[in-house]
Structure formats: structure tokens, C-alpha cells
Amino acid sequence: MTRNEDTIRFVREHREEDVRTLALRARHDEGIDLPWALDQIQGWQTARKKLPSWAATEGIIYPPHLSMEQCSSEQTALYKCGIVESLPDGCHKTLIDLTGGFGVDFAFLARCCDRAIYVERQGHLCEAAKHNFEILGLNHATVIHADAVDALKGIDTTASTTLLYLDPARRDHNSSRTYAITDCTPNVLDLLDLLFKAGHHILIKLSPMLDWHKAVSDLGDRVAEVHIVSTNNECKELLILMSASHHGEPVIHCVNDEQRLIYVPSQDGCPSLHDGRDSAAYLYEPNASVMKAGCHGVITGRYPVKALAADSHLLVSSSEIQDFPGRSFAIDSVTTMNKKELSRALAGITRANVATRNFPMTAQQLRQRLRLKDGGDTYIFGTTSATGQHLLYICHKNR
């Protein structure tokens with residue numbers, strides 16, 4: 001993995017610069033491995049935001065762009081550490097990462113375990129992993145260049161303490177994205193018996209596009225926990241924790257930065273609906289993880305809120321709720337689509353952040369209809385009430 005001093009110096013001197021411009025300007029420089037250097041520069045620039053502790057560590061070798069795009073962020077990797085640390089076996093575990101990739105998840109999870117084995121079928125990623133793990137001080141890490149199934153059959157494990165981690169590849173042979181468990185490589189469903197022979201706990205990272213209900217149905221009743229993980233209100237990961245000793249309902253964790261909502265599916269049901277009789281002073285939009293979970297019955301059962309309609313995904317309350325898992329808005333006015341009502345409600349408003357939920361127009365169509373520019377401090381939600389009336393909630397952000 002080492003490169004000549006000229007190439008390393010080139011990376012160090014130019015890593016703040018635009019990669020495309022650099023590629024054109026430096027293509028004739030002699031003695032420089034330009035493709036590798038550009039990968040390092042682009043990788044470091046990505047890591048500054050995605051993996052800040054790695055970007056601050058001199059000597060880390062970065063893979064080509066696709067691997068950097070697919071790897072976990074430092075924030076989500078640390079969240080997985082919390083899952084591992086909460087396992088009943090304590091910290092004395094063997095970690096086997098069967099889909100090592102760039103090694104971000106492995107490097108963070110390995111610090112929670114006494115023994116750590118990284119498995120990857122691509123040789124260049126194994127070489128980078130060996131180099132990086134040494135720099136990161138992971139002296140107990142073992143790197144195995146092998147297919148996941150072959151490695152599983154050859155690794156000596158202790159079922160009571162072993163944690164297996166998988167992040168199946170979500171691209172097919174044509175590099176097109178896939179989402180279903182059966183379309184990923186390796187297919188975890190085909191490996192379950194072999195996996196549980198090797199270890200007691202299995203942590204699986206799946207596409208955030210996948211329906212968690214379908215994932216739990218496919219994987220069976222040994223699914224102990226489902227973690228829907230968002231950062232900055234963008235759903236990033238769907239994590240499934242399976243345990244050999246678990247049978248029954250999984251615990252669902254909806255996570256968005258510091259916001260947490262934990263429940264079991266039997267606690268969910270039809271949400272309580274706002275009938276219009278109680279005054280609504282505040283409007284709430286659940287965060288991305290709660291929306292992904294679809295647990296609106298849990299929300300109206302746990303917080304003093306009511307849903308505007310069964311499919312609106314917007315809720316209201318008469319008093320402010322400080323710890324609601326989502327965004328909170330103070331309602332300035334509510335109007336129908338009647339022209340006179342609209343004119344009065346929108347007086348003095350020239351721009352607004354417009355969104356629609358269960359409404360016959362898109363946000364862009366509604367903004368054009370209202371003749372408003374985008375942005376500003378006003379938020380307008382177009383939605384449909386429980387009685388079928390099309391309404392606009394004009395608000396300002398509460399927090």
C-alpha cells in the first residue's frame with residue numbers, strides 16, 4: 001500500500017483542492033501515481049465530514065469513491081457501538097465482520113470486543129484495512145481475505161460470545177442499487193443457520209429504503225431489535241439485531257440524533273384523530289425515523305397530540321410538547337383554500353417553506369398557486385383533515 005514520497009507529498013500538498021481541476025492540471029507530472037493520489041485526496045475530503053477522527057489521523061489510506069460513498073459515517077458507527085455494548089454478554093466478545101469493506105464499522109465495533117476478525121473478498125480493501133488498523137491501534141484485529149461463507153466455515157468461534165456483523169452489498173452485477181435482503185450479497189436469509197452456529201448475536205445493516213416490517217417477517221422471530229437510524233432528519237440505516245435466545249416481538253428504536261422513541265409493535269395501532277373541536281396551537285412533524293417506522297398510534301398514545309388525519313403524518317396539540325420526536329411549529333392561522341380566506345391568511349407573506357401531506361397538490365404546485373417565493377420564516381403545510389377538508393396550516397418554527 002505504500003507509495004513513493006513524491007506521490008505522498010503531492011497528496012499532502014493538494015488535498016484541499018478540487019479533484020477534477022487537479023486531475024487535468026497534474027496529469028503529466030512524472031513520478032506521481034495520480035489515480036491513487038486523487039483517490040486519497042477525494043477520500044480525505046469526504047472523511048472530513050463523514051469520518052472526522054479518521055481525517056485527523058495521518059496516514060489513513062482511502063479507497064475509491066464508491067467504497068467511501070457506501071461506508072458508514074462516524075456518527076452511525078458509534079451508534080452501532082452502543083448496540084454492541086448493551087448486549088447481555090458484556091464486552092468480552094469476538095466480533096466477526098463478514099463484509100468488511102473499508103472497515104469503518106469494524107474499526108469502531110472492534111474497540112468493544114476482545115477479539116476482532118475482519119473478512120473481505122476484495123484484496124485491495126484487505127490491504128488498506130491492514131494498514132489502517134495498525135495506524136488506528138487495533139492490534140487485536142485479524143484481517144482475512146476470503147468470501148464470507150468460506151470464512152465462516154473456517155473460523156473457530158464460541159457461540160455464546162460471538163457477534164457477527166454483516167453489511168450486505170446492495171448493488172447487483174450491473175452496479176444497480178438493490179434493496180431486498182434476497183437481492184443483496186451475501187443473502188443473509190440463506191446463511192441464518194450457519195450464522196447462528198457461529199455466534200449468538202447477528203447485527204445486520206440493511207438499506208434504509210427497505211420496509212422494516214418485511215425485513216422482520218423474512219428474518220423470523222429471532223429478531224430482537226430494529227434500529228431505524230437518522231441523522232439531521234435523513235434516514236441513513238436500518239439495523240437488525242438478531243439473537244439466538246430471542247423469540248417474540250422485537251423492540252423498535254427510532255433514532256434521529258438525540259431524539260429517541262422506543263416501542264414494541266403491539267403498542268402501535270390507529271392514531272387518535274383531531275376532530276376540530278379542541279383548539280390547535282402547535283403542529284408537529286415526526287422525524288424521519290418515526291415516519292419510516294409508521295408508528296403514529298404510538299405517538300398519539302404517548303404524547304398529548306392528535307393526528308390531523310390517518311394519512312396526514314402531521315399532529316397537533318393545544319399546548320407545547322418539549323420532547324416531541326420531530327419538528328415543532330407554532331400555528332399562526334388555519335385556512336381553507338377559499339380565495340378570500342387565503343387572501344386574509346397570507347396578508348404580508350411573500351415567501352414560505354411549503355410542504356404537503358395527504359394533499360391533492362405537490363409542494364411546488366401549492367407554492368405556485370399561492371404565488372410565494374421559497375424560504376423565509378413562515379412554514380405552510382397543506383393537508384387534509386379527518387373530515388376530508390383541504391386545509392393550510394400557516395406556522396412559524398418553534399424549535
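Residues numbered from 1 in each chain as written. Predicted model: local features only at pLDDT ≥ 70, side-chain atom pairs only at ≥ 80, totals over all residues. Heavy atoms only, no water.

### Remarks on the state of the cysteines
Here is the idea: a disulfide is a covalent bond, and it sits between the sulfur atoms of two cysteines.
Logical step 1: Overall, the coordinates contain zero disulfides when judged by the stated rule.
Logical step 2: Not engaged in a disulfide, the cysteine Cys71 finds its nearest cysteine sulfur in Cys81; these two sulfurs lie 14 Å apart.
Logical step 3: A relative accessible area of 12% means that Cys71 is categorised as buried. (Disulfide = S-S within 2.5 Å. Buried < 20%, exposed > 50% of the residue type's maximum accessible area, 1.4 Å probe, protein only.)

### With respect to the nonpolar core
The nonpolar side chains of a soluble globular protein tend to be buried, and buried together.
Logical step 1: The biggest cluster of nonpolar side chains holds 50 residues, and the ones touching the most others in it are Leu195 and Ile240.
Logical step 2: Looking at which element gives the most residues to this core, the answer is helix α10 (residues 188–198), with six residues.
Logical step 3: Residues Trp44, Trp54, Ala77 and Leu138 belong to the second largest nonpolar core, which totals 41 residues. (Core = buried A, V, L, I, M, F, W, Y, C linked by side-chain atoms within 4.5 Å. Helix = DSSP H or I, 4+ residues; strand = E, 2+ residues; numbered from the N terminus.)

### What about the sheet that holds strand β4 (residues 162–166)?
Logical step 1: Within the open sheet, the nine strands sit side by side as β3-β2-β1-β4-β5-β7-β6-β8-β9. Their pairing is mixed. Each end of this open sheet is capped by a strand with a single partner; those strands are β3 (141–145) and β9 (259–263). Averaged over all adjacent pairs, the angle separating strand axes in this sheet is 15 degrees, with direction ignored.
Logical step 2: Note that strand β8 (residues 251–256) and β9 share five bridges and pair antiparallel. Opposite Asn256, over in β9, you have Gln259 as the bridge partner.
Logical step 3: Of the strands in this sheet, β4, β5 (201–206) and β7 (234–243) touch α10, which is tilted by about 160 degrees from β4.
Logical step 4: Of the strands in this sheet, β5, β6 (223–231), β7, β8 and β9 touch helix α11 (residues 212–219), which is tilted by about 155 degrees from β6. (Pairing = 2+ DSSP bridges. Axes fitted to C-alpha atoms, helices over the stretch in contact; angles between N-to-C directions. Contact = heavy atoms within 4.5 Å.)

### Focus: the pairing of strand β1 (residues 94–97)
Logical step 1: Side chains Thr94 and Ile96 of β1 all project onto a buried face; the interleaved residues Leu95 and Asp97 project onto the opposite face, where all are buried too.
Logical step 2: Taken together, the four bridges between β1 and strand β2 (residues 115–120) define a ladder with parallel strand orientation. The residue of β2 that forms the bridge with Ile96 is Ile117.
Logical step 3: A crossover links β1 with its parallel partner β2, the connecting element being helix α7 (residues 104–110), and its sense is right-handed. (Right-handed = clockwise from strand over helix to strand, strands pointing away.)

### Focus on the sheet that holds strand β11 (residues 306–307)
Logical step 1: Strands sit in the order β11-β12-β10-β13-β16-β15-β14 across an open sheet of seven strands; the sheet is mixed. Two strands bound the open sheet, and with one partner strand each, they are β11 and β14 (351–357).
Logical step 2: Strand direction decides the pairing type here: strand β15 (residues 373–384) and strand β16 (residues 390–397), joined by seven bridges, are antiparallel. What sits directly across from Tyr379, in β16, is Cys395.
Logical step 3: Docked against the sheet, helix α15 (residues 363–370) engages β14, β15 and β16, running at close to 135 degrees with respect to β14.

### Notes on helix α3 (residues 34–50)
Logical step 1: When the terminal C-alpha atoms of α3 are compared, their 24 Å separation across 17 residues agrees well with the 24 Å that a helix rising 1.5 Å per residue should span.
Logical step 2: Taken as a whole, α3 has its buried residues at Leu34, Trp36, Ala37, Leu38, Gln40, Ile41, Gly43, Trp44, Ala47 and Lys50.
Logical step 3: Summarising the contacts, the buried residues of α3 are in contact with α1 (5–14), α2 (19–25), α4 (52–55), α5 (65–70) and α6 (74–85). (Expected span 1.5 Å × (residues − 1).)

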